[in-house]
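Single-letter residue listing:
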Amino acid sequence: MEAKLAFAQDSPPLSILCAAKVAGVSLTIDPKLATGSAPTLHFGSGDFIHGVNTILRYIARVASASSFYGQDAIQAAYVDQWLDYAPVVLSGSEFEAACSFLDGYLSSRTFLVSYGLSVADIAVWSNLAGTGQRWESLRRSKKYQNLVRWFNSIASDTLDEVVSAYVGKRGIGKSPAPSLKEKLPDSKQNVSTPEVDLPGAKVGEVCVRFAPEPSGYLHIGHAKAGLLNKYFAERYKGRLIVRFDDTNPSKESNEFVENVLKDVETLGIKYDIVTYTSDYFPQLMEMAENLINQGKAYVDDTPKEQMRTERMDGVESKCRNNTVEDNLALWKEMINGTERGMQCCVRGKLDMQDPNKSLRDPVYYRCNTDPHHRVGSQYKVYPTYDFACPFVDALEGVTHALRSSEYHDRNAQYYRILQEMGLRRVEIYEFSRLNMVYTVLSKRKLLWFVQNKKVEDWTDPRFPTVQGIVRRGLKVEALVQFILEQGASKNLNLMEWDKLWTINKKIIDPVCGRHTAVLKEQRVLLTLTNGPEEPFVRILPRHKKYEGAGKKATTFTKKIWLEHADASVISIGEEVTLMDWGNTIIKEIKTENRVITELFGELHLEGSVKMTKLKLTWLPDIEDLVSLSLVEFDYLIKKKKLEEDEDFLDNLNPCTRQEFLAIGDANMRNLKQGEIIQLERKGYYRCDAPFIRPSKPIVLFAIPDGRQKSVTN
């Protein structure tokens, strides 16, 4: 069947391209997907499939060789295991340990699965080849002779052509995110830190849930929770439920639901089902009424502040010993949303003397007349998170509830409420909350920035939301790697953004195209007296070490633009290098009021670029140059860590966005929204608004690289 393979130009799916060649599957190549997108295979029928492993399994099934996906179901399962393993470990931090394991595994084997070539061999082979110099240096060292023997036996002219086309001599250098302390398949030895276990977990019987409240977009802290749930679901071959904890209609909306699902997809979190706590409102109300009937809950009309004081002091409410009949009557008032009912809440009758204050008769239900984004005004009462969460966990078959350690003191409450309800036990697994320097992660505080127009919206590049940091220029694989490197530790850490951006740089630098920009303000014209009388064009690579970045057209003219900062440090008679051209000797410097206004120089192309101190970026003086807006961002908070008693409003950074106007090379007219580039000698940028017309500048967002700097430096 005719098929078209679409993928992001900076992330060619080498394993798919190699597998298709070996299997004889004809593909039309379309490397035009947005950066960060997973590959998609489109069929002439209009159908399509998505994701590397899904496409590899399809290719294996339609291959002419019947054993390409294994000869039976068991072998196919082994193939699947290798497909999952190959991209995760071979290009990650455990690369050499993985090579050592493979060398031992292949000591008495010709192929990875059974006695014939399978797509598993191609997947592992292509991931090795895709690391470029990293693998080649090990290959030449003769350190892993069994692995090299196997690699050479798989290699062919056809596969080498694919690799050279998409990788080149040095490799694309991209490192997919490592697994979370994961064992290698079929391994008898642990080559890394022992993996983290879920208590009482059994393969095939685990069910976890990721339960965000739809009151904002997902931020980096939610990403950690979501990815850990994904990891455990995959490791134990279990189920993952995405459940919206939609129990507070005053804060929630369909906009948040839609964008949370968008963020889940962006993070690559594959789930089995999406549910809502609101799906269970009838059962939750029934449970609350049952507890009232059993004397395990009561309706309390104590004012909110008084109730808080009594709980802190261990003082029982005057309503604690109301009769069941009185409680049911007030419960009905609450359900109907009457004036009397609005004064009340339902509390669990637990233990007002317990040292753990979360067990001092927590609130189960409260009134709220705001319409719900899914069920409208059907209900006037809503369960609290503390009441609904254990109930729905038990009802949906969740075996392990992952919660951040900030909830530690409420774990006893969770178990006690399950016990009061007569439901089965759900194991809690704690992990540390992710805290970032100069950052607030409270959705209430983030909402303040949105409502007070301190940011554009929830996708603002200054925000720690998934959409915000991706818009800033973060690759999703960098975020995944950053989070999984921390593992499921329970230690509280304040993490540096620089570490995350450093990981990101290692991913984008080897593949992003290079362009040139000159700041508009006080730019200086350099006239080359022996320069070309007529402009001429050369076609140059956008990235000297990665062919996949494509080509660019560079125009060479007699008059060129230099940045003022560069012109101001040049001396008369000095020889400087014009990047991608050659050397020139500065003959004259014109100034006006001590400000350099023009330079004159003479090309000296036979001069050695190694001998010059200054290597300068430049732009031709032509009409085709584009206008640019270079935007830099700073932290919203000016203090590295806010203490519990500190108000974030007292620590707002007064200046968090700076814009610099510049001119750029004409090739930037072709930039797509979301594309990441490097501006030579300035840094990395993400295109937020592409070229539309000459009068409207292209908007480029500066991407941090782990080092503090500015385009004006």
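The name recorded for the protein in an unreviewed UniProt entry is glutamate--tRNA ligase, from Leersia perrieri. Its UniProt record gives the protein the following Sequence similarities (unreviewed entry) comment, quoted word for word: "Belongs to the class-I aminoacyl-tRNA synthetase family. Glutamate--tRNA ligase type 2 subfamily." Here the protein is described in UniProt, under the heading Subcellular location (unreviewed entry), as follows: "Cytoplasm".

A tally of helices and strands in the protein yields 20 helices and 31 strands. Counting only C-alpha atoms and orienting by the principal axes, one finds that the protein spans roughly 100 × 75 × 45 Å. In the protein, which comprises 713 residues, the share counted as buried stands at 54%. Here the analysis covers contacts within the protein between residues at least 6 apart in sequence; of these, 71% occur between residues at least 24 apart. About 32,600 Å² of surface is accessible on the protein, with carbon and sulfur atoms providing 48% of the total. Charge-centre separation for the protein: the mean point of 94 positive side chains lies 3 Å from the mean point of 94 negative side chains.

The domain architecture assigned to the protein consists of domain 1 (3–167), domain 2 (207–277 + 434–506), domain 3 (279–386), domain 4 (521–620) and domain 5 (626–703). For domain 2 and domain 3, the distance between their C-alpha centroids amounts to 31 Å. For the pair domain 2 and domain 3, the summed buried area comes to about 1,200 Å², and 48% of that belongs to carbon and sulfur atoms. Per-residue buried area on domain 2 facing domain 3 is highest for T247, P249 and Y276; these three make up 42% of the total on that side.

With that settled, consider the pattern of salt bridges. One pass over the structure, following the stated rule, counts 32 salt bridges. The shortest N-O distance in the salt bridge between R57 and D84 comes to 3.8 Å. With R57 in helix 2 (residues 52–62) and D84 in helix 3 (residues 73–89), this residue pair connects regions lying 27 residues apart in the sequence. Notably, a salt bridge pairs D580 with K544, separated by 3.0 Å at the nearest N-O pair.

Rules used in this analysis
Residues numbered from 1 in each chain as written. Predicted model: local features only at pLDDT ≥ 70, side-chain atom pairs only at ≥ 80, totals over all residues. Heavy atoms only, no water. UniProt positions renumbered as here; feature names shortened; annotations may be inferred. Helix = DSSP H or I, 4+ residues; strand = E, 2+ residues; numbered from the N terminus. Buried < 20%, exposed > 50% of the residue type's maximum accessible area, 1.4 Å probe, protein only. Contact = heavy atoms within 4.5 Å. Areas by Shrake-Rupley, 256 points an atom, 1.4 Å probe, with all protein chains shown as cover. Lys, Arg positive; Asp, Glu negative; His and termini not counted. Charge placed at Lys NZ, Arg CZ, Asp CG, Glu CD. Domains from an automatic or database assignment. Buried area = accessible area lost by both parts, 1.4 Å probe. Salt bridge = Lys/Arg side-chain N within 4 Å of Asp/Glu carboxyl O.

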